[in-house]
Every structure is written in structure tokens, then in C-alpha cells.
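# Results of the structural survey
Each chain, written out:
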Amino acid sequence: MRTLDLYDRLVEAGRSDADLATAVRLVDAAGRLPGLAYYWAAHDDERLWTFLKRKQDHDPIGDIAGLRCPHLAFFGSKDRLVPIADSLREFGTAVCRTARPRRATLTVEVLPGADHRLRLPNATEPAPGYFDKLTRWLQQVQQ
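The text that follows walks through the structure, step by step, so that each part is easy to find. Residue indices begin from 1 for each chain and proceed along its sequence in written order. Restriction of local features to residues with pLDDT of at least 70 applies here, the model being predicted, together with a cutoff of 80 or more for giving and counting side-chain atom pairs; totals for whole chains, interfaces and linings are based on all residues. Excluding hydrogens and water, the side-chain figures rest on all heavy atoms present in the structure.

Across its full length, the protein carries 7 helices and 2 strands. Helical segments are the DSSP runs of H or I of at least four residues, strand segments are the runs of E of at least two, and each set is numbered from the N terminus. In the protein, the succession of helices and strands from N to C terminus is α-α-α-α-α-β-α-β-α. Projected onto the principal axes, the alpha-carbon positions of the protein cover approximately 55 × 35 × 25 Å. Accessibility here uses a 1.4 Å probe with only protein chains present; expressed as a share of the type maximum, an area under 20% marks a residue as buried, one over 50% as exposed, and anything in between as partly exposed. Taking all 143 residues of the protein together, the buried fraction comes to 27%. His is not counted here, nor are the chain ends, while Lys and Arg score as positive and Asp and Glu score as negative. For the purpose of locating charges, the reference atoms are NZ of Lys, CZ of Arg, CG of Asp and CD of Glu. Where the 21 positive side-chain charges of the protein centre and where its 19 negative ones centre are 5 Å apart.

In C-alpha cells form, the structure reads like this:
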């Protein structure tokens, strides 16, 4: 629970455009919790903190609606960051707009047991089926 509280504080810091030093102070004050260590180690620099601040509230629906090419979206069934059912409903609405080019199809794949990074617990590679589904989709859109 302490890790989620820290995460919430970091999100709020990002939303208020806090600098990296502020974010580092939040992490240090919480004792650099183990649940965040893997993720924070990769983001403990100014460029990545700036990127995270920009993307944390990004809504991809406008991007999806504007696509003019085929699109493949992967979701992990155990993703705790992205609400899959809501996302699928919103994606479906976006791709059904009449102004979209006919070629701008959407294919959705949900990987059983996968997390936000499309991995199974403790895995370093994408979940089983990822590369097969990706390869099959690429072959289909090239025809």
C-alpha cells in the first residue's frame, strides 16, 4: 500500500509540473520502496521524468481516430494500469467513425496473464503468443 501511495504522490507531482529533484525527494522520503525500485531506477533522470509527466494523462483516442493505416493494439489481461474493457469500447468507437479511411483497421489482441508490459509475472520476454500474433498480423496487412 505504501508503494501505491508513493505512486499517487508522484503522479500528482508530475501533474503539477514538479521537477525531478522534487520527485526524488518524494521517493527518498518514502524509503525507496522495493515495489517501485525497478521502475524508478530507469526513470531517475530529468529527460525521462519530463517524458513521464507528459504521457501520464495522455488519451490515445484522438491518435487512434486519426490513423490512416492498419493498427494493432496489444493489451495484457492482468494490466493494472489500463482498464481493458473501457479501452476496447473507446477504441471501437474511435475506429467506427465514418470519416476514417477504410484501410485504417484496428486489430486487438489480449494476452492472457500479461501485465502492462505484456509480460507474465517475473518474465523478461513478452507473454507467449505475442510474437506469433504480431507476425501473423504483419503478414495479413502486407497482403
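Moving on, we get to a nonpolar patch on the surface. Each patch is built from residues lacking any salt bridge and having more than 30% relative accessible area; the joining distance is 9 Å for like charges and 5 Å for nonpolar side chains (Val, Leu, Ile, Met, Phe, Trp, Tyr). Working definition of accessibility: Shrake-Rupley area with a 1.4 Å probe, residue cover restricted to the visible protein chains. Here, a salt bridge means any Lys or Arg side-chain nitrogen found within 4 Å of an Asp or Glu carboxyl oxygen. The grouping of Leu-88, Val-108 and Val-110 at the surface amounts to a nonpolar patch, some 180 Å² of accessible area in total. Tracing the backbone shows Leu-88 in helix 6 (residues 84-95). The exposure class assigned to Leu-88 is partly exposed, which follows from its relative accessible area of 32%.

This next bit is on the pairing of strand 2 (residues 106-111). Two strands make a pair as long as DSSP finds a minimum of two bridges between them. As judged from the 6 bridges shared by strand 1 (residues 71-76) and strand 2, these two strands associate in the parallel manner. The residue of strand 2 that forms the bridge with Gly-76 is Leu-111. Looking down the strands as they point away from you, a crossover is right-handed if its path from the first strand over the helix to the second goes clockwise. Tracing the backbone out of strand 1, into helix 6 and back to the parallel element strand 2 gives a crossover that is right-handed.

Ring pairs shown here join Phe, Tyr and Trp side chains whose ring centres sit within 6.5 Å, with only the six-membered ring taken for Trp; geometry is labelled stacked below 30 degrees between planes, edge-to-face above 60, and tilted in between. Counted under the stated rule, the structure contains 3 aromatic pairs. Taken together, a centroid distance of 4.6 Å and an interplanar angle of 45° make the contact between Phe-74 and Tyr-130 tilted. Taken together, the positions of Phe-74 in strand 1 and Tyr-130 in helix 7 (residues 130-141) put the pair 56 residues apart, joining distant regions of the chain. The class of Tyr-130 is buried, set by a relative accessible area of 18%. One aromatic cluster in this structure is built from Phe-74, Tyr-130 and Phe-131.

Opposite charge on two side chains lets them pair, provided their charged atoms get close. Counted by the stated rule, this structure contains 5 salt bridges. A salt bridge links Glu-12 to Arg-15; the nearest nitrogen and oxygen atoms lie 3.0 Å apart. Of this pair, Glu-12 and Arg-15 both sit in helix 1 (residues 2-15), 3 residues apart, which is roughly one turn of the helix. According to the relative accessible area criterion, Glu-12 is partly exposed, its value standing at 46%. For Arg-89, the salt bridge goes to Asp-86, with nearest N and O atoms at 2.3 Å.

So, about helix 1. Expected helix span is computed as 1.5 Å times (number of residues minus one). With 14 residues, helix 1 should cover 20 Å at 1.5 Å per step; its first-to-last C-alpha distance of 20 Å lies within 8% of that length. Residues of helix 1 that are buried include every one of Leu-6, Leu-10, Val-11, Ala-13 and Gly-14, and no others. Along the long axis of helix 1, the arc covered by the buried residues comes to 160°, so they all point the same way. Just downstream of helix 1 lies Asp-17, where phi reads positive at about 60°. When we speak of the arc, we mean the arc of directions from the helix axis to the C-beta atoms.

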